[in-house]
Amino acid sequence: MSLRPSDFRAIRLGIAEIPGDVSSDAVGHYAPKLEDMFAPETHAAALDPSTPIVVGSRGTGKSFWAGVLGQGATKKDAAKAYPKLRLQDVNVYFGFTGIGGSDGIGADALNSIVPENADLATAKAFWWATVLRAAARSNGNTSAKLSDLATVGSNWEARDIELERHEQRLRAANQTLLIVYDALDTVATNWPRRRLITEALLEVVWATRAYRSIKLKVFVRPDQIDDDGLRFVELPKLRTGAVRLMWSGLDLYGLLYARLALAKDEVAKIAFRKLLKSEGIPTVVRDEVLTRNWSLCHDVAEQTKIMTSLAGQYMAAGTYGYKKGKTYDWPLTHLADALDEVTPRSFIGLLIAAAKHGSAPDNWAITPDGIRHGLRAASKTRVDQLHQEFPWIKAVLAPLAGLLLPSEDSAVFKAWKQSKTIQLLIQDAATNNYLLPFSNQDRQSERELFEALNRIGVMFRRKDDRIDMPDLFRVAAKLLKKGATAPL
């Protein structure tokens, strides 16, 4: 079955209309919706109630999965996607969500109970209060106040009696109470306080190992759990048992093809299914996507075949076009950060921009030029998103514009010195109340600034010790590189 130009244009429009903002909150208006569900095989461990620490960079799905667990309908779908986890027997309540509301607990509650000059015991009492609140809610008591429960939380004897009562109740009902913590980057705006509150939470997580039916799950950023300033003695064990949210190329293309196969636009959906039929690939229903019972969720060869039909095989035409790379591999290679991670936001964003670029071809849905343009759009979006997480990032990247990569340390550090980057950062952080990239105020140097960027995957050292930057950030930051995609 051959496709007509109108079919490719319909698929192109279907890609362009995929929602670009796929960010989620655990609760509220931006909580995950059923139509957003896509469940990679490797994410099963992250949803396992017995996994207490889930680590993920921005855009990998921490708040998405937290929100999925916290809603009845989406949790039901997650139980279908990961049947071995028996999520249908798990009662989920939130311990922290970064925003308030009827279901959430935000920074206001934390700051009220744990004042700026608080000690570790007060911080632990707050986290114990969130455990007690969730336990009370699971027993039908929705009026329990955190401020009252913090008093119980500070008294180990009263706390243990109360938690044991809930433990026995849950065991008798053969149920598990899972308490989920998300948006933990919002707990503080200075390093000492963030360490205090993070350390207190981790101590509570460790202590709840005493209970079989009460479990905690913490979704946390890598820089927060890997902070060398944390002093909790059992932290290495928690880090060892942590699960990292990662998206493989298989997962990302599976997500794309699922969005097209289940598109709301009937014309786009019919055209894509026509393409599937032409390649001998069966169409799919939602439950088959959810359980990964579809070849385009797990077969690289089949995925590559569809991408070749959508964009051609290589990123250039002619005899030597293969030297520019395959259209299937190119987005994955150029969207990876220095930790070799690609997020769904960047991947889908690149393809949306590619589908909106230039004139629609007759024999493809998107073009290699469109894909290259998509990298520029994804790079800008990624830096903008990173700026929400690390408000210092743009001020650090701006002085490097025009620098040719890879580069020696001296050139990078000189650019920062000449622009007085560190001094301006310190002033701006004090004015706007955000965390500096320097976790140790006694070590505020250009070298430490590079190390901070290295930790979050924005810069890295090549084998010859020169400094480099992934295209994902380099393009928007306007750094140069021979033979690579030109900056914005």
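Before going into details, it helps to say that this report is about the structure given with it. (Residues numbered from 1 in each chain as written. Predicted model: local features only at pLDDT ≥ 70, side-chain atom pairs only at ≥ 80, totals over all residues. Heavy atoms only, no water.)

**Things to note about the sheet that holds strand S3 (residues 176–181)**
Spatial ordering of the open sheet is given by S2-S3-S4-S1-S5, a layout of five strands whose pairing is parallel. Two strands close off the open sheet at either side, each with one partner strand: strand S2 (90–96) and strand S5 (243–244). Here six bridges tie S2 to S3, and the two strands are oriented parallel to one another. Each residue of the ladder has a partner; that of Phe-96, found in S3, is Tyr-181. Contacting S2, S3 and strand S4 (214–220), helix H8 (residues 156–172) crosses the sheet at an angle of about 105° to S4. (Pairing = 2+ DSSP bridges. Helix = DSSP H or I, 4+ residues; strand = E, 2+ residues; numbered from the N terminus. Contact = heavy atoms within 4.5 Å. Axes fitted to C-alpha atoms, helices over the stretch in contact; angles between N-to-C directions.)

**Observations concerning the layout of surface pockets**
Of the voids in this model, the second largest pocket is the one considered here, and its volume is about 750 Å³. Around the second largest pocket sit 35 residues that line it, and Trp-191, Arg-194, Asp-223, Pro-437 and Ser-439 are the ones nearest its centre. Sorting the residues of the lining of the second largest pocket by element identifies helix H9 (191–207), helix H10 (222–225), helix H18 (368–389) and helix H22 (446–455) as the ones contributing at least two each. Here the element with the most residues in the lining of the second largest pocket is H22; it accounts for four residues. Residue composition of the lining of the second largest pocket, grouped by class: 14 nonpolar, six polar and 15 charged. (1 Å grid on protein atoms, 1.4 Å probe; cavity = no way out; pocket = protein on both sides within 12 Å on 5 of 7 lines; lining within 4 Å. Points joined across faces, edges and corners; volume = space filled by probe spheres on them. Nonpolar A, V, L, I, M, F, W, Y, C, P; charged D, E, K, R; others polar.)

**Side note on the pattern of salt bridges**
Between side chains of opposite charge, pairing is possible as soon as their charged atoms come close. Within the structure shown, the criterion is met by 32 salt bridges. Note that Lys-124 and Glu-203 form a salt bridge whose closest N and O atoms lie 3.2 Å from each other. Pair noted here: Lys-124 is in helix H6 (residues 120–138) and Glu-203 is in helix H9, with a separation of 79 residues, a long-range link. Between Arg-194 and Asp-223 there is a salt bridge, and its shortest N-O distance comes to 3.2 Å. Linking Arg-194 in helix H9 with Asp-223 in helix H10, this pair joins segments that are 29 residues apart in sequence. Arg-194 sits in the buried class, given a relative accessible area of 1%. (Salt bridge = Lys/Arg side-chain N within 4 Å of Asp/Glu carboxyl O. Buried < 20%, exposed > 50% of the residue type's maximum accessible area, 1.4 Å probe, protein only.)

**Thoughts on the pairing of S3**
In terms of burial, S3 is a largely internal element, six of the six residues being buried. Side chains Thr-176, Leu-178 and Val-180 of S3 all project onto a buried face; the interleaved residues Leu-177, Ile-179 and Tyr-181 project onto the opposite face, where all are buried too. As paired strands, S3 and S4 are joined by five bridges and run parallel to one another. Paired with Ile-179 across the bridge in S4 is Leu-216.

**Some points on empty space enclosed by the protein**
Across all of its chains, the model carries two cavities of 30 Å³ or more by this definition. Looking at the largest cavity, its volume works out to about 120 Å³. Taken together, 14 residues form the lining of the largest cavity, with Ser-57, Pro-222, Glu-389, Phe-390 and Ile-456 sitting closest to its centre. Contributions of two or more residues to the lining of the largest cavity are made by H10 and H18. With three residues, the single largest contributor to the lining of the largest cavity is H18. When the residues that make up the lining of the largest cavity are grouped by side-chain class, the tally is five nonpolar, one polar and eight charged. Looking at the second largest cavity, the residues that line it are Leu-184, Val-187, Thr-198, Leu-201, Leu-202, Val-218, Val-220, Gln-224 and Ile-225. Going through the elements one at a time, H9, S4 and H10 are the ones with two or more residues in the lining of the second largest cavity. Each residue belonging to the lining of the second largest cavity can be placed in one class, and the counts come to seven nonpolar, two polar and no charged.

Just distances and angles here, no functional claims.
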